[in-house]
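# Per-entry structural report
So the chains spell out like this:
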Amino acid sequence: MRLRFPFVMNCGLFTTSYREDMAVLFAPAAKLKVAAIIGFLLAFPLFVSPYYVSVANLIAIAVIGALGLNILTGFTGQISIGHGAFMGVGAYTVGVLTTKLGLSFWVALPLAGLMAALVGAVFGIPSLRLKGLYLAIATLAAQVIIEYTIIHWTSLTGGSAGIVLEPLRLGTLSLGTDTGFYYFALLLTLAAVVFTVNLFRSRVGRAFMAVRDRDIAASVTGINLLRHKVLAFGLSAFYAGIAGALLAGYTRVITPEHFTVDVSVKYLAMIIIGGLGSVMGSIYGALFITLLPILLRALADFAGTFFQGIENLLLAMQTALFGLIVILFLIFEPEGLAKLWQDVKNYFRLWPFSY
Amino acid sequence: MFLQLLVTGLVVGSIYALVALGFVLIYKASDCINFAQGEFLLVGAYVALTLVAAYQVPFLPAVVLTLCFALVLGVLVERLVLRPFIGEPVISVIMATIGLSSLMRGIIQVFWGTDTRVFPPVFPQAPVHFGAVAVSQVYLWSLGLAILLLVVFSLFFKFTTTGIVMRAVADDQQAALSMGISVKRVFAITWAIAAVVAAVGGILLGNINGVNSSLSHLGLKVLPVAILGGLDSIPGAIIGGFVIGVLENLAGGYLDPILGGGVKEVAPFVILVLILLIRPYGLFGKEIIERV
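Residues numbered from 1 in each chain as written. Chains lettered and ligands numbered in written order. Predicted model: local features only at pLDDT ≥ 70, side-chain atom pairs only at ≥ 80, totals over all residues. Heavy atoms only, no water.

## Quick notes on the interface of chain A and chain B
Between chain A and chain B, the residue contacts involve 40 residues of the former and 46 residues of the latter. Of the roughly 3700 Å² buried at the junction of chain A and chain B (both faces included), carbon and sulfur atoms supply 78%. The largest share of the area that chain A buries against chain B comes from Arg129, Leu133 and Tyr134 of chain A, three residues that together contribute 20% of it. Taken together, the connections running from chain A to chain B amount to one salt bridge. Across the salt bridge formed by arginine 105 of chain B and aspartate 262 of chain A, the nearest N and O atoms sit 3.9 Å from each other. At the junction of chain A with chain B, the criterion picks out one residue pair in polar contact (both at pLDDT 80 or more). The residue inventory of the side of chain A that touches chain B, partitioned by class, reads 29 nonpolar, six polar and five charged. (Contact = heavy atoms within 4.5 Å. Buried area = accessible area lost by both parts, 1.4 Å probe. Salt bridge = Lys/Arg side-chain N within 4 Å of Asp/Glu carboxyl O. Polar contact = N/O pair within 3.5 Å; in protein donor to acceptor, adjacent residues only side chain to side chain. Nonpolar A, V, L, I, M, F, W, Y, C, P; charged D, E, K, R; others polar.)

As C-alpha cells, this is what we get:
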C-alpha cells in the first residue's frame, strides 16, 4: 500500500514490481488525465462548429509530421530541411496510386508512408559522412530536387496543376466530411504518439539518443551508426509520408506549393517551439504553429473594427512574427513549450513549499 | 549556342560569386551559415531603390548610404540575434538564421510589399559585344566588382590584424577567447561586412531583374556555389560562382528540351549533392571536416 496525497502527480518512485516500474503512465492521476484528454478529443466534434473540426484536422496532420521530424532532429540530432518534400512524396504517392492505378486509399496510405521512408532513407545516406551544417545543406538539396521532380514530372504528378482525389470512404461510411475525417485522423495521431513514446523506451530509440549525444561514444558501445541514422531518416520520412497522405486525403487537392521549403521550415519551427527531443513538445509545437495564423487572423479582424487598415499590416507581420518567435524560443527557452509546461508543473508540485 | 551559354554562365556566375562571398565571410569567422543572406540582398536592393526612386538621391550617394545602412543592419542583427548563440551548437545557429530570414522577409513585406519594382536605369543600356556574343554592361560591372572584392578580402584575411583575428575565431572560439580576442567584436565586424557585400549584390541584381521578394531565393541558390568552392575559401567562392553559373546554363540549354524546363534551377543542387558526397570541403576549402 502506497501512501500518497491523491491529487499530486508523482513525488518519487514508489514502485514495488518491475511491471510497475516499466509502466508508461506512472501515477493513477496520469491515467485519469490521459483518459480525460482522450474523452475530450472524442467528444470534441459534438460541441463545436465544423470550422473548428477542420482546424483540429490540420493540427492532427501537423502533429504526425512534427513527431516525425522530432524523431530525426530532436532525438537523433540529424537536422533536416527536407521534411516538406518527404510529405510531398507521401501525398503524391497516394495521389498517383489512387487516380492512376485505381487503388483504394487504405492500400495507398501505408504505401505512401513506405515510399516516403524509402526516399528519406536514400537522402539520409549522406548523413553518414556529413554532420551539422553540411547535413542541413544536403537535406536542403533533397528538398529542392524532390520539389523539382514533382513540378516537372508532369505526366505522373500533373505538374503545378496537381492531382484531385475522390472523397474518402470507409465501406459505406463517408470520411469526406470534417467530422468523419476527424475520427480517422485522431486514431492515426494517437497511434503515432503511442508508437513514438514507446519507441524511445526501446533499444532502437535509446540508440537514436546515443547517436545524438555523442556519435563516437555510441559507436563504441556497439551501436551501428549507419543502420541507426538511415533508420531514423526512414522513420521520420515515414511519418512525413503518412502526414502528407492524410493532408492529400483531407484537402483532396495535391499541388506542389503544399510541400515547399517553407513547409519544411514550418515543421522545424514546430519542434523548436514545442521542444526538441520531446514527444509532448511535438504536439504543443504543432498546435502552436497551426493556431498562430488563425489567432492572428482573428486578432486582425478584431483590431480592424477599431483601426482601419491595421488588419493588412497584422497579416503581413505573420511571417515576421513567426521568425521572431522561433528566435526568441531559441534564445530564451531552447527546450521549448514542453519545458515551460514542465516548469509550471514542477512549481506547483510542492507548492506552497519551495522544496 | 555553346558560346552564348558559356558567356551567360560566366556573367551570371559573377553575381553568384558576389553573393557566395557573403556566405564565405560569415563562415570563415563564425563557422556558421547565414540562411538569411538572401534577405540581406533584398534589403540592400530595396533601400537603394527607395533612395533613388522615392527620394531622388543620385545613384552613387545612394549606394554609399545603402552600404552604411547595411553596415548598421549587420551589426544590429549580430548584436540582437546571433550574440546569444556564441558557443551554442551548430543546429541552434542554423535555426536562428532560418528564423531571422523569416523575420526579415516579413518586415520587408510590410515596408515594400510584394510587387516587382524596377530600378531607374543606372548603367548604360547598350550591350558590349565580344565577337558574336553580346553582354549587358551591368554584368561587366558585377564581374569587375567580384574580382575587386576577391582581391581586397584575400589581402584583408592574409595581412590585416582584424583578418587574422577573424580566422583565429573561426578556427577555435575557445582558443581565440583565451588569447584575449574579443569574439563578440569579431562577429559584429563579420556580420557588418557580410551585410555590406550582400547589399552590393542586391543593388547589382536589382539593376538586372528588378527587385521583388523572389530575389531572396537567390540566397539559397548560391549555397552550392559556396560549398563547391569550399565554405572557407574566398577564391573558392569566386571560382565556384563561375563554375556553377556555367554548368547550370549549359545544363539548362542542353537538358531543358529533354526534361521539359527548369533544369537551371535544380542543376546546382544536383551538383551540390555530388560535391557533398565526394569532396565535402569543396575545391579549395580546408580539408578538415567533421566526419562520422
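## Thoughts on the domain arrangement of chain B
Residues and elements named next belong to chain B. What the domain assignment reports for chain B is domain 1 (15-216) and domain 2 (222-292). Here the C-alpha centre of domain 2 lies 20 Å away from the C-alpha centre of domain 1. With 19 residues of domain 1 at the contact, the number on the domain 2 side is 18 residues. For the pair domain 1 and domain 2, the summed buried area comes to about 1500 Å², and 84% of that belongs to carbon and sulfur atoms. When the buried surface of domain 1 facing domain 2 is broken down by residue, Tyr16, Val24 and Leu150 rank first, second and third, together holding 34% of it. For the interface between domain 1 and domain 2, the tally reads zero salt bridges. At the boundary of domain 1 and domain 2, one finds one residue pair in polar contact (both at pLDDT 80 or more). If you list the elements that add at least two residues to the side of domain 1 that touches domain 2, you get helix 1 (2-30) and helix 5 (137-159). Broken down by class, the residue content of the side of domain 1 that touches domain 2 amounts to 16 nonpolar, one polar and two charged. (Domains from an automatic or database assignment. Helix = DSSP H or I, 4+ residues; strand = E, 2+ residues; numbered from the N terminus.)

## Focus on unusual backbone geometry
Glycine aside, negative phi is the norm for most residues, and most peptide bonds take the trans geometry. We note that arginine 252 of chain A has phi near 65°; this positive angle belongs to a residue other than glycine. The residue arginine 252 of chain A is located in the loop between helix 11 (225-251) and strand 4 (253-254) in this model. Positive phi is not limited to glycine here, since glutamine 56 of chain B has a value of about 60°. Its place among the elements puts glutamine 56 of chain B in the loop between helix 2 (37-53) and helix 3 (59-82).

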